[in-house]
Amino acid sequence: MGSGSSTPQPVQEPPSRHSVRSISEAKAELPPDFAGPTLLSADVGGTGSRLHLFLPPTQAEVSAQNFFVPPQRMIFEKMYQNSRFESFMDVLRTFLEESGLKRPPLLACLAVAGVVVDNTCKFVNLGWEINGRQIEEDLDITRVELINDFVAQGYGLLTVDREKDCETLQNVEVKEGAPIAVVGAGTGLGEAFLTVGAEGDYEVWPSEGGHVDFAPRQEGSNSLEMELMQFLQIKFSAKARVSVERVAAGRGIANIYEFMAWKFPDKVNREVHKEFIGPGRTFDPAVITKAASKGICELSKKTVELWCGAYGAEAGCVALTYMPFGGLFLTGGVTAKMKDWLSGRITGHSSFLEAFLDKGRVTPMLERVPVYIVMGEETVGCLQVSNGSAVQILAASGQWKADSNIGRFSRWCQY
């Protein structure tokens, strides 16, 4: 079965059980030698990996849950810190061992933070390489499919309630059928866009816009961002440019603070600086955001405001590119944690929106773009869409009858 050529086994229904979210609660109902098919999905980011092991849902359950797997079909789920593992294969082996089941999953779908080419992804921020075919062979999984994580997030946005799940930064009329864009600050900076396809449903297109050039902005004689770019060119041994995610992603906060501490040594809060560096030279950006929010470090506050402006400027560039009158959504773990800064509640003004709208003659166009902060990391359902894609792959294999509409969540998979 490792090569993907074996004949899949027929679906075996598990014993009836209550809704559970972990194998520790389900062992009595799903013994280690359970012979039925299971599915695996994962959201593999730059910092952490979240994995699900679940049973194929019934057709009624999928239709009722927008093709997402209902809790009663979940077997095991867990989050891992990537820094503790040498490779994603190590993460996967650990997860499957901890699940308690002896039989490998039938199918797997992995949402990964990087470019997917030939079912392989190389992580520019982590040094990992994930190869779907290699996983099939090593772990005896019939089919492993990789998808870009922001493509998954894009499809997840289609289920978002803009009033309940989002905070509105720019409240303007949404143009139905217009492009939608998503920008997300996490460990890196992810971007994607959605357009209406031939069948009238939105389709999501991946982008590596987070790696475009950082464009420093300067107000009057303030050349701070110009100096920041020169600092980062030296730090990263860059020939002539610096990626915007070096500044606007979560790790950009650490990069900016390093520059600020170098530029203004007399303003460094020694206690905050020591904690930021850490015993293992971790350079933790969370230390800076926490100090800024508490108001105990002026340099940290200036760092966060500069970051908000850089994030807003890049979001404005994305809006200029795609003209997303259907909405521009800000996602990602860092975005969710920093929403009070992005909205301007902490400072009384939004450096993000000011930079977003600072586009000269085309500013009036940007004023027509609805802008939203997605409130939580899980809201856009990246992992749940990965679940849905695994179900769709199962349906395509002929072992499970899918609702005809399920394909709208997984058009990026090629069968």
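1. Describing the overall build of the protein chain
So, step 1. A tally of helices and strands in the protein chain yields 16 helices and 14 strands.
So, step 2. Within the protein chain, contacts between residues separated by at least 24 positions form 71% of all contacts whose residues are at least 6 apart in sequence.
So, step 3. With an accessible surface of roughly 18,700 Å², the protein chain has 48% of that area assigned to carbon and sulfur atoms.

2. Some remarks on the sheet that holds strand 5 (residues 116-117)
So, step 1. Pairing in this open sheet of three strands is antiparallel, and the strands run 5-6-7 from one edge to the other. Looking along the sheet, the strands with just one partner apiece sit at the ends: strand 5 and strand 7 (129-131).
So, step 2. Across three bridges, strand 6 (residues 120-122) lies against strand 7 in antiparallel orientation. Considered in strand 7, the bridge of Lys122 is made with Glu129.

3. Things to note about the packing of helix 9 (residues 270-277) against helix 10 (residues 285-294)
So, step 1. Closest axis-to-axis distance for the helix 9/helix 10 pair is 8 Å, and the angle between their directions is 150 degrees. Comparing their axes, helix 10 and helix 9 come out roughly antiparallel. Handedness of the crossing formed by helix 9 with helix 10: right-handed. Facing helix 9, whose interface residues are Val272, Glu275 and Phe276, helix 10 presents Pro285, Val287, Ile288 and Ala291.

4. Structural notes on helix 8 (residues 250-263)
One turn of an α-helix holds 3.6 residues; hence residues three or four places apart share an orientation.
So, step 1. When the terminal C-alpha atoms of helix 8 are compared, their 21 Å separation across 14 residues agrees well with the 20 Å that a helix rising 1.5 Å per residue should span.
So, step 2. Of the residues making up helix 8, those classed as buried are Gly250, Gly252, Ile253, Ala254, Asn255, Ile256, Tyr257, Glu258, Phe259, Met260 and Ala261.
So, step 3. At its buried positions, helix 8 is contacted by helix 6 (224-235), helix 7 (245-248), helix 9, helix 10, helix 11 (298-322) and helix 12 (333-337).

5. Some details on the nonpolar core
Within soluble globular proteins, side chains that are nonpolar generally end up buried alongside one another.
So, step 1. Membership of the largest hydrophobic core comes to 57 residues, with the highest contact counts inside it found for Trp307, Tyr311, Leu328, Leu330, Phe352 and Phe356.
So, step 2. The greatest single-element share of this core, amounting to 10 residues, is contributed by helix 11.
So, step 3. Residue contacts for Phe352: discarding those within four places in its chain leaves Leu169, Cys308, Tyr311, Gly312, Ala315, Leu330, Leu342 and Val371.
So, step 4. Ile75, Ala108, Val112 and Leu146 belong to the second-largest nonpolar core, a separate cluster that totals 30 residues.

6. What about the pairing of strand 1 (residues 39-44)?
So, step 1. The buried fraction of strand 1 amounts to six of the six residues, a majority that puts the element mostly inside the structure.
So, step 2. Side chains Leu39, Ser41 and Asp43 of strand 1 all project onto a buried face; the interleaved residues Leu40, Ala42 and Val44 project onto the opposite face, where all are buried too.
So, step 3. Sheet analysis places strand 1 next to strand 2 (residues 48-54), joined by six bridges and oriented antiparallel. Looking at strand 2, one finds that Leu39 is bridged to Phe54.
So, step 4. Sheet topology places strand 1 next to strand 4 (residues 107-112); six bridges connect them, and they run parallel. From the neighbouring strand, Ser41 faces strand 4, where its bridge partner is Cys109.

7. Here's the deal with the packing of aromatic side chains
So, step 1. Summed over the entire model, instances satisfying the criterion amount to 15 aromatic pairs.
So, step 2. On the numbers, 5.1 Å between centres and 25 degrees between planes, the contact of Phe76 with Phe95 is stacked. Residue Phe76 is located in strand 3 (residues 74-81), and its partner Phe95 is located in helix 3 (residues 88-99); the two are separated by 19 residues in the primary sequence.
So, step 3. Between Tyr80 and Phe95 the ring centres are 6.5 Å apart and the planes differ by 85 degrees, which places this aromatic pair in the edge-to-face class. Residue Tyr80 is located in strand 3, and its partner Phe95 is located in helix 3; the two are separated by 15 residues in the primary sequence.
So, step 4. Of the residues examined, Tyr80 reaches a relative accessible area of 6% and is grouped as buried.
So, step 5. Given a relative accessible area of 0%, Phe95 falls into the buried group.
So, step 6. Taken together through their ring pairs, the aromatic side chains of Phe76, Tyr80, Phe85 and Phe95 make up a single cluster.
So, step 7. When the ring centre of Phe264 is taken as reference, the NZ or CZ atom of Lys267 above it lies at 5.2 Å.
So, step 8. Over the ring of Phe325 we find Arg368, and its NZ or CZ is 4.4 Å from the ring centre.

8. Quick word on the sheet that holds strand 10 (residues 180-185)
So, step 1. Pairing is mixed across the open sheet formed by six strands, whose spatial order is 9-14-13-10-11-12. Taken across any chain shown, the strands that pair with only one partner, and hence form the sheet edges, are strand 9 (166-170) and strand 12 (202-207). Across this sheet, the average inter-strand angle for adjacent strands is 25 degrees, counted without regard to direction.
So, step 2. By the bridge criterion, four bridges tie strand 9 to strand 14 (residues 371-374) in an arrangement that is antiparallel. Opposite Glu167, over in strand 14, you have Ile373 as the bridge partner.
So, step 3. Each of strand 10, strand 11 (189-196), strand 12, strand 13 (328-331) and strand 14 is contacted by helix 5 (residues 149-157), which is oriented at about 150 degrees to strand 12, the strand it contacts most.
So, step 4. Relative to strand 10, helix 11 is tilted by about 155 degrees, and along the sheet it contacts strand 10, strand 11, strand 12 and strand 13.

Criteria and cut-off values
Residues numbered from 1 in each chain as written. Predicted model: local features only at pLDDT ≥ 70, side-chain atom pairs only at ≥ 80, totals over all residues. Heavy atoms only, no water. Helix = DSSP H or I, 4+ residues; strand = E, 2+ residues; numbered from the N terminus. Contact = heavy atoms within 4.5 Å. Areas by Shrake-Rupley, 256 points an atom, 1.4 Å probe, with all protein chains shown as cover. Pairing = 2+ DSSP bridges. Axes fitted to C-alpha atoms, helices over the stretch in contact; angles between N-to-C directions. Parallel < 35°, antiparallel > 145°, perpendicular 65-115°, else oblique. Left-handed = near helix turned anticlockwise from the far one by under 90°. Expected span 1.5 Å × (residues − 1). Buried < 20%, exposed > 50% of the residue type's maximum accessible area, 1.4 Å probe, protein only. Core = buried A, V, L, I, M, F, W, Y, C linked by side-chain atoms within 4.5 Å. Phe/Tyr/Trp six-rings, centres within 6.5 Å; stacked < 30°, edge-to-face > 60°. Lys NZ or Arg CZ within 6 Å of the ring centre and 35° of its normal.

Limitation: the analysis is restricted to geometry and does not speak to function.
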